[in-house]
Amino acid sequence: MLPSHGELLEGFAWHCRAHRVDMTDRQREGAEIAILGARRVAGTLATDPTSIPAAVLFGLSLHARELGPTWRGFGLLVLQNLTARTLGSSIELDDAAAIELHRLRLLAARDREAFERASDGERRAMFEPMRAFVASRMR
Amino acid sequence: MTMVAAHPLPISDEAAKRAWIEQQLAELTAEERQVYESDAGFRSFVDLALADEAANPGKAARSIAECQAYGGDVERELEDLATGRHPLCR
């Protein structure tokens, strides 16, 4: 099951506050829309429960700009939390894997406009590297 | 089944981490506290984030500082990852 919009939004707001990242009302609204968009994308990409954490991470990565400087840490925590809570698994990331996952997330952020123009099949193809990578790191 | 860590931390360290986590939870705002108690997803997110920070002090702050330094310049980050200049590569 996808995480609720409230769960993601409250988590993001708390993460920002806990790390003293101030956001203007406008930035907060942007983040809220980004989380809404990320969740919607994840709902269309996740084909089974095991791919939901990666799909949510992919959706959040598409919206990295609106999420501001906490996007990297927040997304990783969401990935780990969803994997543990909904699948009873964990994500194992050594240094090399953390670099590769961040690279995949940056590619998603960079290619957001192309993703938005893409067909459903093309979107799945863009998501596939992250889905496969996360799956390979699940324990 | 009881899990035993291969290299358990001294009790004092574990106690200090637990105390720090408890302190952070005590500092939740009233609204956050309400959500923490009613929403299992938010609660597990906060618990995971605090445990991660307790195990890796300063990790989140470093991540934020690095993202701020790039200022959303995704191409530069990708180039630095490719050439080993990115902070994650150090």
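Along each chain, numbering runs from 1 in the same order as the chain's sequence is written. Written order determines the labels here, with chains lettered from A and ligands numbered from 1. Restriction of local features to residues with pLDDT of at least 70 applies here, the model being predicted, together with a cutoff of 80 or more for giving and counting side-chain atom pairs; totals for whole chains, interfaces and linings are based on all residues. Computation of side-chain values: all heavy atoms of the structure, hydrogens and water removed.

J.: Could you clarify how one ought to interpret the overall build of chain A in this entry?
T.: Secondary structure follows DSSP: runs of H or I at least 4 residues long count as helices, runs of E at least 2 residues long count as strands, and numbering of each begins at the N terminus. If you tally the helices and strands in chain A, you get eight helices and zero strands. Each helix and strand of chain A, placed in order from N terminus to C terminus, yields the pattern α-α-α-α-α-α-α-α. Only the C-alpha atoms count toward the radius of gyration. The rule for a globule is 2.2 Å times the residue count to the power 0.38. On C-alpha atoms alone, chain A measures out to a radius of gyration of 14 Å, which is about the 14 Å that the 2.2 N^0.38 rule sets for 139 residues. Once the C-alpha set of chain A is aligned to its principal axes, its extents read approximately 35 × 35 × 30 Å. Considering only intrachain contacts with a sequence separation of at least 6, the fraction spanning at least 24 residues in chain A is 75%. Between two residues, a contact is recorded if the distance between any of their heavy atoms is within 4.5 Å.

J.: Please explain the overall build of chain B as it appears in this structure.
T.: What chain B contains, in helices and strands, is five helices and zero strands. Residue exposure (1.4 Å probe, protein chains only): buried if accessible area is under 20% of the type maximum, exposed if over 50%, otherwise partly exposed. Buried positions account for 30% of the 90 residues belonging to chain B. For chain B, restricting intrachain contacts to residue pairs at least 6 apart in sequence, the fraction spanning at least 24 positions comes to 24%. Roughly 5,800 Å² of accessible area belongs to chain B as shown, and the carbon and sulfur atoms make up 56% of that amount. Residue exposure ignores everything except the shown protein chains as possible cover, and the areas themselves are Shrake-Rupley values with a 1.4 Å probe.

J.: Please explain the interface of chain A and chain B as it appears in this structure.
T.: For interface size, the figure often reported is the accessible area lost on association. Opposite the 28 residues of chain A that make contact, chain B presents 32 residues. Defined here as a combined quantity, buried area equals the accessible surface (1.4 Å probe) lost by two parts on assembly, summed across both. Around 2,600 Å² of area is buried between chain A and chain B when both sides are counted, 70% of it from carbon and sulfur atoms. One side-chain nitrogen of Lys or Arg within 4 Å of one carboxyl oxygen of Asp or Glu is enough to make a salt bridge. Put simply, chain A and chain B have two salt bridges between them. Between Arg72 of chain A and Glu66 of chain B there is a salt bridge, and its shortest N-O distance comes to 2.6 Å. Any pair of N or O atoms that falls within 3.5 Å is considered a polar contact. Within protein, one atom must be able to donate a hydrogen and the other to accept it, and sequence-neighbouring residues count only if both atoms are side-chain atoms. The tally of links from chain A across to chain B stands at seven residue pairs in polar contact (both at pLDDT 80 or more). If you list the elements that add at least two residues to the side of chain A that touches chain B, you get helix H1 (5–18), helix H5 (71–87) and helix H6 (95–110) of chain A. With nine residues, H5 of chain A is the largest single contributor of residues to the side of chain A that touches chain B. Residue composition of the side of chain A that touches chain B, by class: twelve nonpolar, nine polar and seven charged. Lys, Arg, Asp and Glu make up the charged group, whereas Ala, Val, Leu, Ile, Met, Phe, Trp, Tyr, Cys and Pro make up the nonpolar group; the residues left over, Gly among them, are polar.

J.: Would you mind going over the layout of surface pockets with me for this structure?
T.: If a probe as big as a water molecule is rolled over the atoms, it shows which places are left empty. Space inside and on the surface of the protein is sampled on a 1 Å grid over the protein atoms alone, with a cavity defined as a set of points where a 1.4 Å probe fits but cannot get out and a pocket as an open set with protein on both sides within 12 Å along at least 5 of 7 lines; lining residues have an atom within 4 Å of a point. Grid points are joined across faces, edges and corners, and a volume is the space filled by probe spheres set on the points. One number sums up the size of the largest pocket: a volume of about 1,000 Å³. Considering the residues around the largest pocket, the lining is formed by 37 residues, among which Asp52, Glu53, Lys59, Ala60 and Ser63 of chain B are closest to the centre. Only H1, H5 and H6 of chain A together with helix H1 (11–26), helix H3 (40–55) and helix H4 (59–70) of chain B provide two or more residues apiece to the lining of the largest pocket. Ranked by residues supplied to the lining of the largest pocket, first place goes to H4 of chain B with six residues. Classifying every residue of the lining of the largest pocket by side-chain character gives 16 nonpolar, eight polar and 13 charged. Surrounding the second largest pocket, 22 residues form its lining, Ala64, Arg65 and Ala109 of chain A together with Gly72 and Val74 of chain B being those nearest its centre. In terms of residue class, the lining of the second largest pocket is made up of ten nonpolar, four polar and eight charged.

J.: Looking at this structure, I do not really get the pattern of salt bridges. What am I missing?
T.: Residues and elements named next belong to chain A. Summed over the entire model, instances satisfying the criterion amount to 15 salt bridges over all chains. Of the charged contacts, one joins Arg131 and Glu128 as a salt bridge, the two residues approaching to 2.8 Å between their closest N and O atoms. With Arg131 and Glu128 both in helix H8 (residues 120–136) and three residues apart, this pair spans about one turn of that helix. Overall, Arg131 belongs to the partly exposed group, its relative accessible area being 27%.

J.: In this structure, what is going on with the side chain of His102 of chain A? I would like to understand it.
T.: With respect to the helices and strands, His102 of chain A occurs in helix H6. Take His102 of chain A: its relative accessible area is 3%, and that puts it in the buried class. Residue contacts for His102 of chain A: discarding those within four places in its chain leaves Trp71 and Arg72 of chain A together with Glu77, Leu81, His86 and Leu88 of chain B.

J.: Any chance you could explain the environment of Ser38 of chain B here in plain terms?
T.: Residues and elements named next belong to chain B. Turning to its location among the elements, Ser38 is positioned in helix H2 (residues 30–38). What makes Ser38 exposed here is its relative accessible area of 59%. Spatially, the C-alpha atoms of Ser38 and Leu48 are 17 Å apart, while their sequence positions differ by ten residues. A polar side-chain atom of Ser38 sits 3.0 Å from the main-chain carbonyl oxygen of Gln34.

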